[in-house]
Amino acid sequence: MAAPAGWASLCEKFRSSLSLSNVESKKDPENEPYRSKYGARELLEEIRQLLGSEEAAEAEGAPAGEAAALRAVRLAVVEYELGVNHTDTEELSAGEEHLLKCTRLLERHRLSRDCVSLYIQAQNNLGILWSERGEIKTAQTYLESAEALYNQYMKENGNPPLDPNEHFMAEEEKLTDQERSKRFEKAYTHTLYYLAQVYQHLEMIEKAAQYCHTTLKRQLEYSGYYPVEWALNAATLSQYYLTKQCFMESRHCLAAANVIFSQAGQVPSSEDNETEQDQQDLRQRKAEIARCWIKYCLTLLQSARKSLEDNIGELDPDRQSELKAQRKKEEDEKEKGRKKAVLFGTSDLCDSILATEEKVSCICPLDFQEAREVFLVGQNYVHEAKEFFQFDGYVTDHIEIVQDHSALFKVLAFFEEDYERRCKMHKRRIDMLEPMYVDLNPQYYLLISRQLQFELADTYYEMMDLKVAIGNRLEELDSHTRKKINSLAQLAVKYYELFLDSLRNPDKIFPEKLEDDVLRPAMVAKFHIARLYGKLITSDGKKQLENMQTSLEYYTFLVDYCEKHPEAVQAIETELELSKEMVGLLPTRMERLKAKLSPFS
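Now for a description of the structure that goes with this document. Remember, predicted model here, so these are calculated numbers, not experimental data. (Residues numbered from 1 in each chain as written. Predicted model: local features only at pLDDT ≥ 70, side-chain atom pairs only at ≥ 80, totals over all residues. Heavy atoms only, no water.)

**Some words on the overall build of the protein chain**
In terms of regular secondary structure, the protein chain is built from 23 helices and 0 strands. Against the globule reference of 25 Å for 601 residues, the protein chain gives a C-alpha radius of gyration of 33 Å, more extended than a compact globule. Its C-alpha atoms give the protein chain principal-axis dimensions of about 125 × 60 × 50 Å. Counting every position in the protein chain, which comprises 601 residues, the buried fraction comes to 46%. A separation threshold of at least 6 residues defines the contact pool for the protein chain, and within that pool the share at least 24 residues apart is 69%. Surface exposure of the protein chain reaches about 31,800 Å², of which carbon and sulfur atoms provide 48%. Seen as two clouds, the 77 positive and the 103 negative side-chain charges of the protein chain have centres 5 Å apart. (Helix = DSSP H or I, 4+ residues; strand = E, 2+ residues; numbered from the N terminus. Rg over C-alpha atoms; globule rule 2.2 N^0.38 Å. Buried < 20%, exposed > 50% of the residue type's maximum accessible area, 1.4 Å probe, protein only. Contact = heavy atoms within 4.5 Å. Areas by Shrake-Rupley, 256 points an atom, 1.4 Å probe, with all protein chains shown as cover. Lys, Arg positive; Asp, Glu negative; His and termini not counted. Charge placed at Lys NZ, Arg CZ, Asp CG, Glu CD.)

**Quick word on the layout of surface pockets**
Roughly 1,400 Å³ of volume is contained in the largest pocket. Along its surface, the largest pocket is lined by 39 residues, and Tyr80, Gln121, Lys186, His190 and Tyr194 are the ones closest to its centre. Volume-wise, the second largest pocket comes out at about 1,100 Å³. If you trace the second largest pocket, you find 32 residues lining it, with Arg305, Ile312, Gly313, Tyr461 and Asp465 closest to the centre. Secondary structure elements with two or more residues in the lining of the second largest pocket: helix H12 (276–308), helix H17 (395–415), helix H18 (419–439), helix H19 (446–472), helix H21 (516–535) and helix H23 (573–597). (1 Å grid on protein atoms, 1.4 Å probe; cavity = no way out; pocket = protein on both sides within 12 Å on 5 of 7 lines; lining within 4 Å. Points joined across faces, edges and corners; volume = space filled by probe spheres on them.)

**Quick look at the pattern of salt bridges**
Per the counting criterion, the structure on display carries 39 salt bridges. Here Arg48 ties to Glu79 by a salt bridge, and the two come within 3.1 Å at their closest N and O atoms. Here the residue Arg48 occupies a position in helix H2 (residues 35–51), and Glu79 occupies one in helix H4 (residues 66–88), the gap between them amounting to 31 residues. For Glu420, the salt bridge goes to Lys467, with nearest N and O atoms at 3.3 Å. Of this pair, Glu420 sits in helix H18 while Lys467 sits in helix H19, and the two are 47 residues apart along the sequence. Given a relative accessible area of 36%, Glu420 falls into the partly exposed group. (Salt bridge = Lys/Arg side-chain N within 4 Å of Asp/Glu carboxyl O.)

In structure tokens form, the structure reads like this:
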């Protein structure tokens, strides 16, 4: 074993290597990005030589007593640092070799207080290394082994283990048990964090979400997190809970994201040119969290609509009354539900998160007033997200946000009983979507252009249906309502036709067989155009006959297409059934109209 003076020198070399790796390396010039890392490596190689070879340590390890075992652990620390160093400089094979040497040196004593933290950290790094190689299953093996070792140690021992760096510290410099515990728990949190990513890669989504939630919880508990990164991860996790209709958990994640993001400080003003990129990044992250809130509000409203609508898509009053009565019974269960959610943070943090949660419900709204409250929260986040994701520079993101805004109006309209007010909500959708469509170049944004064409057509179609319903309540249809119905029907036809034209080949020929992703939209467009021509109001008999003929052609297209392509039937069963019915009825109606018109022709 080295003399006291020699040992102090060795410890100083080790401290210098850590300083070069963790502090000085951040200042390295762009043309020499690893200068400090290479300097640290030289020092580590010197320490390894002074300690003696791995083989010598292994030979002495078991029987030769405590001194040899201690040297083996110190060598393992050096091998670990060399492994991380080579991995950082993108030399993965050398990195793996050193990390494996580290685990071999510790294998016999991996459950001891001296070794367990280092062994887990070595396995974590081997897991990361194999992930970077794309070998996710191998990474999973190392990380799950690290997890199992932590659990076994905590069960059998539980005392705060030594931090690897303590093996190169004088006795008076050693860490307190509290600090040891904090560092050990941080290493285990890293294990869970990497496992969450591995499970996501392996499409074990539920397990990935569970590990992500535990990681976030532990990061808060042990204060080991960057606020912006933590907030983004929590907001992303909220979207998983949305897919499972777990609105309480989703809202909790988003509320926590808001609270933790605020720890990053207020978004700075653009006066400070030195941190312009940092400001830009901060604004973008804030806008990304806002988009997650928009999805939360939209999904909550859409889920409510699904539970309340009847077989023709209207609000079912009986179902509404039933759900309201059921909700009243469940009020007492509310607290139990709260306890089932995995809460983040200490009591102070929890209070801030709960205060944020109270701004929006996690229970499906059952009437217009409740739906409007959720809608307004979603709309506020739309404005926040659009501040960063502007049309000029973020075309796709901006359009997606506006489409979500339109979807919020659409689902709110479902709860509105007054047809005129409902119509005005759909008009708001037109006003936000149409200018974007006009400014969009379909050559570069074909998919988005199609989405907008179809949504505009659907919105005009819905408005036309509402105006027809309003007209049906009148004793006599006035000329203004008649003109409005015709105008809306023609605009719906225009956008459906634009959508269908976008499917044509360069020679303007409509495809004989439609791709799966456009099959249903194309067939629905054809079906709706057929119906729209049937809704056009005219006193001109010849024009009425022409409209009926056009309507018949579109209905016939659906029937003929499904006869040629039977696999398409499943996608449009309802539309096909009605089309067959109309193909049977329309010729007779047309004959009657012709007979009625013939004496005057």
